[in-house]
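Summary of structural features
Spelled out from the first residue to the last, the chains are:
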Amino acid sequence: GSEFGPSFDVLSDYFDETILEDISKLQFSWTKNLWRNYKIEFPSYCSSDTPQHQCTGSCTFLDLAHKKGSFAAYIDTFGDEVVIAAFNTLGNDDQYKALGALCENGLSIGDQMESASPADISFWPIHPNLERIWMIKKLSSTFQNESWPETGTSLATDTTASGECYGHGPYDLLPYGDIYGSMDNLADKNNNLTNKGLYNLMDPMNSDLPYVYDDFSLKHCQHYDIDFGTWLPSQRR
């Protein structure tokens, strides 16, 4: 049996290993976006001695979708054409069983999910290195595209009147403003930053940024023959 419990094993009756691997990679976002759209619920409490595969969610309205013969609201949430096509080859009853298995598996996403990330100790070595690599990309001018679409930023489409999940867009407001105390314009000081505003503020070429990393070598990556330092002009290494 899989680490997710017997319900997850049902999927092997319907999909080959390639599709199963794709589903496992998409499980995080699929579960999250179903929850945002009120299509999956989880127990408010499980005792510490409850086996993981018994502390599970359940998909709201899955029985109703079965009766109507349409699971598009669940299947399309995968957002992956290959996985969606694989599900659509199944009959109504098999789709019901496969989706039910996914809804009721004992997957534990963990503390690295979104705003809870800092509660996981592994957050702290991961994110500074991601920021450092992002700065390398900025300093080396190797980003091919930094556009930030105003729509279609989330698979969750039922959360606002505009059909967007607020907080993902470039001009959605953050709960803070002048984080560095460096904004000269009083209006800017008193206004919250947008996502895009924070992104621009973090640019290592921005003179208002109070720091940049003094070392871009990431020596642990050199063990795998990846040397990010070579991306930079010599005066910036």
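Note that the structure is predicted; figures quoted are calculated from it, not measured.

**What about the overall build of the protein?**
- Scanning the protein from terminus to terminus reveals ten helices and two strands.
- Tracing the protein from N to C terminus, the helices and strands come up as α-α-β-β-α-α-α-α-α-α-α-α.
- Evaluated residue by residue, the protein yields a buried proportion of 35% over its 237 residues.
- Accessible surface, the protein as shown: approximately 14,600 Å² in total, 52% of it carbon and sulfur.

**With respect to the state of the cysteines**
- For the structure shown, the criterion picks out two disulfides.
- A sulfur-sulfur separation of 1.9 Å characterises the disulfide bridge that pairs C46 with C55. Taking the sign of the torsion about the S-S bond as the criterion, the disulfide between C46 and C55, at about 90 degrees, is right-handed.
- Residue classification places C55 among the partly exposed positions, given a relative accessible area of 29%.

**A few points about the pattern of salt bridges**
- One pass over the structure, following the stated rule, counts three salt bridges.
- Salt-bridge contacts for E21 lead to K25; the nearest nitrogen and oxygen are separated by 3.4 Å. Of this pair, E21 and K25 both sit in helix 2 (residues 17–36), four residues apart, roughly one helical turn.
- According to the relative accessible area criterion, K25 is exposed, its value standing at 58%.
- A salt bridge links E146 to K138; its shortest N-O distance comes to 2.9 Å.
- The buried category is assigned to K138, whose relative accessible area is 16%.
- Sharing partners across several salt bridges, the network here consists of K138, E146 and D203.

**Details of the packing of helix 2 against helix 5 (residues 81–88)**
- Where helix 2 contacts helix 5, the two axes come as close as 10 Å, and the packing angle between them is 120 degrees. In terms of axis orientation, helix 2 runs oblique to helix 5. Considering the relative orientation of helix 2 and helix 5, their crossing is left-handed. Between helix 2 and helix 5, the residues in contact are I19, D22, I23 and L26 and V82, V83, A86 and F87, respectively.
- Its residues assigned to classes, the contact of helix 2 with helix 5 shows seven nonpolar, no polar and one charged.

**Brief notes about the nonpolar core**
- Membership of the largest hydrophobic core comes to 25 residues, with the highest contact counts inside it found for F15, I23, F78, F87 and L99.
- Where this core is concerned, the elements lending two or more residues are helix 2, helix 3 (62–68), helix 4 (72–75), helix 5 and helix 6 (92–103).
- Setting aside residues no more than four positions away along its own chain, L99 makes contact with W30, L62, F71, Y74, I75, F78 and F87.
- Membership of the second largest hydrophobic core comes to 15 residues, among which are W134, M135, I136 and L193.

**Here we look at unusual backbone geometry**
- Backbone geometry places Y38, a non-glycine residue, at a positive phi of 60 degrees.
- Locating Y38 in the fold gives a position in the loop between helix 2 and strand 1 (40–41).
- On the basis of relative accessibility, which here comes to 58%, the residue Y38 falls in the exposed class.
- Of note, the phi angle at D225 is positive, near 60 degrees, even though the residue is not glycine.
- Structurally, D225 is set in the segment after helix 10 (219–222).
- Assessed through its relative accessible area of 73%, D225 is described here as exposed.

Parameters at a glance
- Residues numbered from 1 in each chain as written.
- Predicted model: local features only at pLDDT ≥ 70, side-chain atom pairs only at ≥ 80, totals over all residues.
- Heavy atoms only, no water.
- Helix = DSSP H or I, 4+ residues; strand = E, 2+ residues; numbered from the N terminus.
- Buried < 20%, exposed > 50% of the residue type's maximum accessible area, 1.4 Å probe, protein only.
- Areas by Shrake-Rupley, 256 points an atom, 1.4 Å probe, with all protein chains shown as cover.
- Disulfide = S-S within 2.5 Å.
- Salt bridge = Lys/Arg side-chain N within 4 Å of Asp/Glu carboxyl O.
- Axes fitted to C-alpha atoms, helices over the stretch in contact; angles between N-to-C directions.
- Parallel < 35°, antiparallel > 145°, perpendicular 65-115°, else oblique.
- Left-handed = near helix turned anticlockwise from the far one by under 90°.
- Contact = heavy atoms within 4.5 Å.
- Nonpolar A, V, L, I, M, F, W, Y, C, P; charged D, E, K, R; others polar.
- Core = buried A, V, L, I, M, F, W, Y, C linked by side-chain atoms within 4.5 Å.

So yeah, pure geometry; function would need other evidence.
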